[in-house]
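Letter by letter, the chains look like this.
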Amino acid sequence: IAITRYTPTMMSCNRAIHVVALLGLLYSTRTVSSFTVTIQQAQPPTSTTSTSSSTALFETQFANKVTDLFLNAPKPTQYDVMIKLTFPGALNYDQLESRIRRITGVKGFTPENTLLATSLCCDELARTMEKDLVKVYGNNFHLGGLAGFPFAGSTGFGAMAAHIPDDGSVLLVYGPHVGVSTSGGIGKVERRGIALLDSCCGSAIAASNYVQGITDGGATINTKIQQFTDFQQGAVQELLLPHGKRLADAQDRMRELPFCLFDSQDLLMREIVQKGAGKVKNNIALLGGIQINTAPEASDYFLPLRFDFMNNKGEVLEDMLDQLTF
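Model, not experiment: these values are computed from the prediction.

Caption draft 1: Molecular detail of the overall build of the chain. Of the regular secondary structure elements, the chain holds 11 helices and 12 strands. Within the chain, the proportion of its 326 residues that are buried is 47%. In the chain, the proportion of contacts linking residues at least 24 apart, taken out of those at least 6 apart, comes to 71%. Carbon and sulfur atoms form 55% of the exposed surface of the chain, whose accessible area is close to 16,500 Å².

Caption draft 2: Just the packing of aromatic side chains, in detail. Applying the stated criterion across every chain, the model contains four aromatic pairs. Summarising the aromatic geometry, the rings of F149 and F151 are spaced 6.2 Å apart at their centres and angled 50° between planes, so their arrangement reads as tilted. On the accessibility criterion, F149 (1% relative accessible area) is buried. Take F151: its relative accessible area is 27%, and that puts it in the partly exposed class. Cation over ring: R255 sits above F87, and NZ or CZ is 5.3 Å from the ring centre.

Caption draft 3: Molecular detail of the nonpolar core. With 72 residues, the main nonpolar core has L172 and I292 as its most contacted residues. The dominant element in this core, judged by the number of residues it contributes, is helix 10 (residues 253-276), at nine residues. Look past the residues within four positions of L172 in its chain and what remains in contact with it is A117, L143, F157, M269, V273, A285, L286 and L287.

Caption draft 4: View of the pattern of salt bridges. Counted under the stated rule, the structure contains 13 salt bridges. R127 is the partner of E130 in a salt bridge, and the nearest nitrogen-oxygen pair spans 2.7 Å. Taken together, the residues span about one helical turn, with E130 and R127 both in helix 5 (residues 127-137) at a distance of three residues. When its relative accessible area of 4% is taken as the criterion, E130 is described as buried. On the accessibility criterion, R127 (18% relative accessible area) is buried. In this structure, E271 engages K275 in a salt bridge whose closest nitrogen and oxygen atoms are separated by 3.3 Å. One end of the pair, E271, and the other, K275, are both in helix 10, four residues apart, so they sit about a helical turn from each other. Residue K275 is classed as exposed on the basis of its relative accessible area, which comes to 60%. Residues joined by salt bridges that share partners form a network here, namely D123, E124, R191 and D198.

How each quantity is defined
Residues numbered from 1 in each chain as written. Predicted model: local features only at pLDDT ≥ 70, side-chain atom pairs only at ≥ 80, totals over all residues. Heavy atoms only, no water. Helix = DSSP H or I, 4+ residues; strand = E, 2+ residues; numbered from the N terminus. Buried < 20%, exposed > 50% of the residue type's maximum accessible area, 1.4 Å probe, protein only. Contact = heavy atoms within 4.5 Å. Areas by Shrake-Rupley, 256 points an atom, 1.4 Å probe, with all protein chains shown as cover. Phe/Tyr/Trp six-rings, centres within 6.5 Å; stacked < 30°, edge-to-face > 60°. Lys NZ or Arg CZ within 6 Å of the ring centre and 35° of its normal. Core = buried A, V, L, I, M, F, W, Y, C linked by side-chain atoms within 4.5 Å. Salt bridge = Lys/Arg side-chain N within 4 Å of Asp/Glu carboxyl O.

In structure tokens:
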């Protein structure tokens, strides 16, 4: 990045600092990995003069800003780097929350007029993101069940819509989750107080094993396909079944699994929203993606895959995903 200046005035200094601030944001979110800033001195116009004192001020402020933004910036751990290499575009929860607030705020969403609704897995690891968003928007309406599927369905969506503040909107967050252990294993994660690695998401992995038994031809015949005592798991298995060949052909089955689950959940959620949008008082911010759960002492992540701004007719007014993942 080359910054050319005719005169080191306060205005040119501020402009340069703005450039560095933007680059600092990109660097801190690992949108770029590295860059070099150089200052070029061009021949000034005849009407412009420069002084040694303003030059010194420019150089000092510029150098201090670079130091603050880069040399003192928190460095990602190897664990963080591994997560982002495995799931490019993933955001930690602090980044996610701040960007959601900024993007939806422009659309009129505020903590006072927004109801938070979620469709996430029953697993306690899925609560962390909910808790972060609850701090902003207040208690959430639960729509989800095992693996994050929206088991509350259209009835639950209608009940949720009735709870939206007058002339308010809803932020609806949904998706499956997957664990990544400190050693890089996908589908496994360390849990507090448990010595051995545990499956994550257990429901998803059980469904994957069920589907693999069918696609491999080794499944036993069972006349009790659905049982009321475990009907959610039965539904997860059947909803994953169309992705059997995709999973079988995947280079990494455990990495592909949450994407398969998301595609099924996304289809269901969009159908539920279309049917119930008329009950929403104002607008809908529909955020879908994959939660990435990590070890207890590490930061969790979210990989956004959909972020739509919709009206109460179910029409997508704007695809906001690029604004979230820039």
